[in-house]
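# Overview (structure and organization)
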Amino acid sequence: MKRKIVVFMMCLSLGTAMISGCGKEDTTSQTSKASSVDAASAESQETSESDLEEEIPVVDTDPAIDECVTLGEYKGLTLEEKIQQVTDEEIENSLYDALLETVDDPEATAQIGDTVDIAYVGKVDGQEFEGGSSDSYNLELGSHTFIDGFEDGVVGMKQDETKDLQLKFPDNYTEELAGKDVVFTVTVNAISRPVELTDEWVKENTEYSNVEEYRSSQREALEAANLASAETDLQSLVLQTVVEGAVVNQIPQSYVTLGEESYDARYAMYAAFYGMELEDFLDQYVDREKYEEDKQKSAKQAAQVYLVIRAVQEKEGWTTDDEDYGNRLNNYIENSGLSREEFIEQNGEDFVELTIMMDRMVDLVLENATINRVMVDSDGNVVAQ
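Thresholds applied
For every chain, the first residue of its written sequence is number 1, and the numbers climb from 1 along that sequence. Local features are withheld for residues below a pLDDT of 70 in this predicted model, meaning they are given only at 70 or higher, and side-chain atom pairs are given and counted only at 80 or more; totals for whole chains, interfaces and linings count all residues. In computing side-chain properties, one takes all heavy atoms of the structure into account and sets aside hydrogens as well as water. The way it works is that DSSP assigns letters per residue, a run of H or I at least four long becomes a helix, a run of E at least two long becomes a strand, and they are numbered from the N terminus. Here's how the labels work: a residue is buried when its accessible area is under 20% of the maximum for its type, exposed when over 50%, partly exposed in between, all with a 1.4 Å probe on protein chains only. Contacts are assigned to residue pairs with any non-hydrogen atoms lying within 4.5 Å of each other. Reported accessibility uses the Shrake-Rupley method at a 1.4 Å probe radius. Residues are deemed covered only where the shown protein chains occlude them. The term salt bridge refers to a pairing of a side-chain nitrogen on Lys or Arg with a carboxyl oxygen on Asp or Glu at a separation within 4 Å. In this analysis, axes come from line fits to C-alpha atoms, helices being fitted only over the stretch in contact, and the angle between any two N-to-C directions falls in the range 0 to 180 degrees. An angle counts as roughly parallel when it lies under 35 degrees, as roughly antiparallel when it exceeds 145, as roughly perpendicular when it falls between 65 and 115, and as oblique in every other case. Think of a nonpolar core as a cluster: buried Ala, Val, Leu, Ile, Met, Phe, Trp, Tyr and Cys residues, connected wherever their side-chain atoms sit within 4.5 Å.

Summing up its helical and strand segments, the protein chain has 12 helices and 11 strands in all. Within the protein chain, the fraction of its 385 residues that count as buried is 44%. Taking contacts inside the protein chain between residues at least 6 apart in sequence as the whole, the part at least 24 apart equals 76%. Carbon together with sulfur atoms contributes 43% to the accessible area of the protein chain, which is approximately 20000 Å² in total.

Shown next as structure tokens:
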């Protein structure tokens, strides 16, 4: 698994994830209204399809970089860093999770506000459907996460009780399941509910002295997380801005091939989360024709990103022999837990170099940019400070 984690890190840092919209839908999360398993969560530094010219010629030769790319300005930029505001609701949700305790009373019944660990099997016309089952799923009753009637049916159940829920998928659901009758056989594995938040609980369970201190600590933790997320988004914005500011005139096929390899590696990592090999995962979950079509689009876009990184590298005179490159490479290797040889072999020398050069490019742009920091709400709207 360590190997796959490293590969995934490299794919993410190059910002070329283009998985969304590809393949069959995963109905594990289609049971839920609010959540979906979407590999596009890996797209923190993606350059969207509409942002890149689609009809750039691909050539079999390897022309000089300056024949392929005309850079725009990448120093002296003005960029906006958006930091999401922490709300009282988010703080209370964080406290709720910390306060959950398993209910020991075997006669206790699940109530609205409880979190239940459930196993369920969904059947349509007597047949299990893909993604409609789970051995263990934590569901907060009252969250309206599942289709109408599911959570109401679990309310009142005891631990280890099994029950059939006769339900119907909404008409606006997925094409395969919309409007169909479904039977979910549900077993409650465990019931948890939040205890009262008191000074005594805080003293016994945390390093803080009272509720006020503990609530403040939760706010600070959430604010720190939002700040880290904003910094990542800003790095993504840098990459997007530099790529959009450049003109790519032609793309060597060798760069497209790198993009194809990145695409496959990303899916292989996603498959590994399900304990599957790439080919088995694609056969089970993905429309192969659509996969190949999307891979070609993604690879061409990725190739343009790689070319722009190379163009900045040449303009700045960066090499793999200088001290900064060596320091960054050593940091990657140390974090991977691999030897230098293993790291290079498993990620590929080209991808390692491109990743480090991208890091250098982003840092250079930020060092020379004017950064306007604004606070935004969950919808991205600027809020008064």
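Let's pick the thread back up.
The next point concerns the pattern of salt bridges. What the rule picks out here adds up to 18 salt bridges. The partner of glutamate 316 in a salt bridge is lysine 75, with the nearest N and O atoms 3.4 Å apart. Taken together, the residues span a long stretch of sequence, with glutamate 316 in helix H9 (residues 288-316) and lysine 75 in the loop between strand E2 (69-70) and strand E3 (78-84) at a distance of 241 residues. Classification of glutamate 316 as partly exposed rests on a relative accessible area of 25%. Aspartate 264 is paired through a salt bridge with lysine 295; the nearest N and O atoms lie 3.2 Å apart. Here aspartate 264, found in helix H7 (residues 253-273), pairs with lysine 295, found in helix H9; they are 31 residues apart in sequence, far enough to count as distant.

Attention now moves to the packing of helix H11 (residues 340-347) against helix H12 (residues 349-367). Where H11 meets H12, the closest approach of the two axes is 6 Å, and the angle between their N-to-C directions is 100 degrees. In terms of orientation, H11 and H12 fall into the roughly perpendicular class. Across the interface between the two elements, Phe343, Ile344 and Asn347 of H11 pack against Glu349, Phe351 and Val352 of H12.

Moving on to unusual backbone geometry. Unlike most non-glycine residues, aspartate 125 shows phi in positive territory, near 55 degrees. With respect to the helices and strands, aspartate 125 occurs in the loop between strand E5 (115-124) and strand E6 (127-140). Owing to a relative accessible area of 70%, aspartate 125 belongs among the exposed residues under this scheme. A positive phi is found at aspartate 160, a non-glycine position, where the angle reads about 75 degrees. Mapped onto the fold, aspartate 160 is located in the loop between helix H4 (150-154) and strand E7 (162-168). Judged by its relative accessible area of 58%, aspartate 160 falls in the exposed class.

The biggest cluster of nonpolar side chains holds 46 residues, and the ones touching the most others in it are Val69, Val242, Ile251, Leu307 and Met361. For this core, the secondary structure elements donating two or more residues are helix H2 (65-68), helix H6 (211-245), H7, H9, helix H10 (323-336) and H12. The contact partners of methionine 361, leaving out residues within four places of it in the chain, are Leu239, Val242, Ile309, Val312 and Trp318. Among the nonpolar cores identified, the runner-up in size contains 25 residues, and Ala110, Met157, Tyr173 and Val188 belong to it.

What follows is about the environment of leucine 99. Relative to the helices and strands, leucine 99 is located in helix H3 (residues 88-99). Take leucine 99: its relative accessible area is 7%, and that puts it in the buried class. In this structure, leucine 99 is in contact with Arg193, Pro194, Val195, Leu197 and Trp201, ignoring residues within four places of it in sequence.

Take it as geometry only, folks, not as evidence of what the structure does.
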